[in-house]
Amino acid sequence: MKDFRNIALFVLLVGMVPFLTDSGVMLNFVMTALYACLLSQAWNVLGGFGGQFSFGHALFFGTGAYVQAIAQMQWGLSPWVALPLAMAFAAGVGAFVGAASFRYGLKGSYFALVTLAFAEVFRIVATSVSFTGAGVGLMLPLQESAANMQFANRAGFIWLMLGLVALALCITAWLKNSRFGAYLQAVVALGVMGGAAMAASTCRIFNARRALPWGLVLAALLPCMAITKVLWLAVVMLLLAGWAGGMLLVPLNALLAHRGAKIMKSGRSIAVQGFNENLSVLIMLGLYSALLAWEWTLLPIMLLFSLPLLVAIKPWQARTWKT
Amino acid sequence: MLDLNILFPSLLNGITTGAVYALIALGLTLIYGVLHIINFAHGAALMVALYGVYMLKEKLGIDPYLALPIMVPAMFVLGYALQRGVINRASHGKDENILLVTLGISIVLENLALLFFKSDTRTIETAYTLTTVEIGPAFIALPKLVSFAGALVVSAVMLFIVQKTDLGRAIRAVSKEKQGARLMGIDVDHVYAMCFGLGLASLGAAACFLMPAYYVNPQVGNGFVLVAFTIVVLGGMGSFAGALLGGLLIGVVESLGGLLLGESLGQVGIFVIFIVVLLLRPQGFFGAKA
């Protein structure tokens with residue numbers, strides 16, 4: 001959320017620049033800086049987040065430029081219609097190059113080289129075929145009007161550029177946060193692995209009920225997660241939650257499979273277990289979404305969810321099972 | 001249309017052009033193929049070497065072929081210093097940093113050349129620039145034949161260095177197992193720098209062979225970088241024989257591509273081959289499975 005607030009602030013501040021100065025040098029500088037910002041965000045997604053260095057971004061840039069020019073000059077489209085079209089084409093070429101190279105698992109220097117080679121192929125083709133104007137290229141006719149995306153003063157270009165930069169920034173911010181979410185999920189998964197490994201070595205199937213207190217830990221952790229504001233604490237808690245999950249689920253699953261195999265057949269018991277699990281997940285998620293839609297905050301929702309867990313586990317603990 | 005009288009000269013032209021490509025790729029196969037330093041400054045270094053040959057000819061009147069004993073050590077020193085002083089320091093041992101550092105070096109070198117030599121395309125004139133040799137129905141420029149022979153000699157020398165000398169043994173050890181080599185008392189930084197120096201030294205030789213029939217301007221290297229990488233990957237990383245054959249193959253593909261598709265589309269074949277090889281057989285034709 002902080003990212004998006006900063007982006008809004010940035011757009012507001014830079015958007016005011018044309019009102020503050022008429023200096024051509026200043027406005028040109030802002031325009032070029034925005035342009036550089038747009039290009040670097042384009043590269044940041046793959047290079048910065050993905051760690052894969054593309055040397056072929058000229059290809060996507062060129063595709064966009066050619067489609068924009070061809071759509072305007074040969075198909076007679078308005079530049080404002082051509083713009084999303086050009087973006088779509090460039091994205092399509094990007095998807096193609098990415099799919100082709102990652103499908104064959106190219107990484108590091110191989111990936112850098114293959115992107116460079118793709119760019120080179122397209123460059124040679126573009127300078128040879130006729131609909132791109134071959135070596136001469138395409139030159140848009142000068143026709144000054146906002147409808148033609150050729151603004152009378154630089155302010156129009158700055159605002160257009162700013163809009164695109166804001167879009168790019170929002171997308172990268174969204175990607176960054178979703179990647180962050182993936183990290184946190186990975187932490188949970190690590191915890192589950194640890195818990196499962198430990199459960200496998202310490203817990204015997206005959207006293208699987210000893211795993212039940214771990215359910216209490218899980219129940220206590222959920223509302224705590226909702227009020228945690230410190231990252232490292234959250235990471236520790238997620239790790240612990242994963243661990244508790246592993247410790248709880250592995251013995252219980254083993255028990256269910258074991259008993260199920262005795263009572264019914266193992267195939268049927270797995271089917272019943274799967275049905276019940278998925279039904280519970282569905283009900284939980286439905287309740288969760290409904291409560292969120294009624295504008296409940298996270299903490300009461302988590303408390304609500306952990307209460308029945310506490311209630312359900314307590315009496316079970318007293319009962320003994322015969323296997 | 002495609003009778004032998006056109007096809008044969010085109011083939012021959014491709015082979016001699018390919019020999020020049022191979023010469024340039026030989027240095028890269030040592031740097032990229034053996035040590036996995038992805039050197040995007042390779043083209044810029046070639047450009048520097050070409051300017052070196054040009055200056056020696058213009059200012060001191062030294063014939064390009066006689067400039068060999070000057071250019072080869074000079075480029076070796078430049079390579080050693082670049083690796084030891086800049087690339088190694090700035091990259092902190094990470095491959096992706098090396099990529100960016102060498103790209104940065106190439107930009108700096110190119111702009112320095114622009115500053116000192118302007119963007120003019122320059123050539124030198126020698127007595128034998130326009131001499132041709134008749135082979136069957138084809139006429140081949142003498143400098144191209146010389147560079148063909150040069151490519152064979154340089155690859156033989158490189159092969160000898162890597163296979164038979166202590167330095168070569170150290171290079172192979174470092175490329176296989178860096179940590180192990182360090183533990184055996186090999187100065188890894190020194191070996192890297194020597195390797196880089198040797199790679200650039202072969203560029204010095206390539207420049208001497210190339211200049212009588214070619215030109216130089218600050219951007220001249222760009223056209224060669226990707227071609228050189230193509231050849232290295234095509235031939236199998238670190239294989240000198242592979243680089244030589246790959247170079248010749250690429251030269252022929254370009255020449256025949258130009259003949260069949262028209263001159264401006266001629267190079268497309270190279271990069272299509274490159275993409276297909278990278279996707280389907282990244283270890284190249286002569287390389288071991290990665």
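Look a little higher up for the structure.
Source: prediction; values computed, not measured.

(A) Seen up close, the overall build of chain B. Looking only at helices and strands, chain B features 11 helices and 2 strands. For chain B, the N- to C-terminal ordering of α and β elements is α-α-α-α-β-β-α-α-α-α-α-α-α. A buried classification covers 50% of the 290 residues belonging to chain B. Sequence-distant contacts in chain B: of pairs separated by 6 or more residues, those separated by 24 or more amount to 76%.

(B) Quick look at the nonpolar core. In this structure, B:A22, B:L50, B:C195 and B:A207 are the most contacted members of the largest nonpolar core, which totals 118 residues. Core analysis: the next-biggest nonpolar cluster, separate from the first, contains 15 residues, A:A219, A:L221, A:M247 and A:L248 among them.

(C) Geometry of the interface of chain A and chain B. Of the residues lining the interface, 20 residues belong to chain A; the matching set on chain B comes to 17 residues. The biggest single contributor to the side of chain A that touches chain B is helix α5 (residues 108-126) of chain A, with 13 residues. Counted by class, the side of chain A that touches chain B contains 14 nonpolar, 5 polar and 1 charged residues.

(D) Examining α5(A) more closely. An ideal rise of 1.5 Å per residue puts 27 Å on 19 residues; α5(A) measures up with 27 Å between its terminal C-alpha atoms. Within α5(A), 14 of the 19 residues are buried, leaving the element largely enclosed by the surrounding structure.

(E) Looking closely at helix α3 (residues 68-91) of chain B. Residue and element names in this part refer to chain B. Along α3, the sharpest change in direction is near 40° and occurs at Q83. Listing the buried residues of α3 in full gives M71, V72, M75, F76, L78, G79, Y80, L82, Q83 and I87. On its buried face, α3 is in contact with α2 (42-60), α4 (95-117) and α8 (188-210). One or two residues past the end of α3 sits H92, with phi positive at roughly 50°.

(F) Fine view of unusual backbone geometry. One non-glycine residue, B:K118, lies in positive phi territory at about 60°. Position of B:K118 relative to the elements: it lies in the loop between α4 and β1 (132-135).

(G) Summary view of the pairing of strand β2 (residues 138-141) of chain B. Where β1(B) and β2(B) come together, 4 bridges link them in antiparallel fashion. Bridge assignment links B:I135 to a residue of β2(B), and that residue is B:A138.

Cut-offs and rules
- Per chain, residues are indexed from 1 in the order of the written sequence.
- By the order in which they are written, chains take letters starting at A while ligands take numbers starting at 1.
- Reporting of local features is limited, given that this is a predicted model, to residues whose pLDDT is at least 70; pairs of side-chain atoms are given and counted only at 80 or more, and all residues count toward the totals for whole chains, interfaces and linings.
- The numbering of helices and of strands both runs from the N terminus, where a helix is a DSSP run of H or I of at least 4 residues and a strand a run of E of at least 2.
- Whether a residue is buried, exposed or partly exposed is read from the other C-beta atoms within 10 Å of its own C-beta, which are placed from the backbone; 20 or more gives buried, 12 or fewer gives exposed, and intermediate counts give partly exposed.
- By the convention adopted here, residues make contact when the C-beta atoms placed from their backbones lie within 7 Å.
- Here, a nonpolar core means buried Ala, Val, Leu, Ile, Met, Phe, Trp, Tyr and Cys residues linked by C-beta atoms lying within 7 Å of one another.
- Following the grouping adopted for this structure description, the nonpolar residues are Ala, Val, Leu, Ile, Met, Phe, Trp, Tyr, Cys and Pro, the charged ones are Asp, Glu, Lys and Arg, and the polar ones are all others, Gly among them.
- By this rule the span expected of a helix is its residue count minus one, scaled by 1.5 Å.
- By definition, a residue's bend is the angle between the axes fitted to the seven residues ending there and the seven starting there.
- DSSP calls a pair of strands paired once it identifies at least 2 bridges connecting them.

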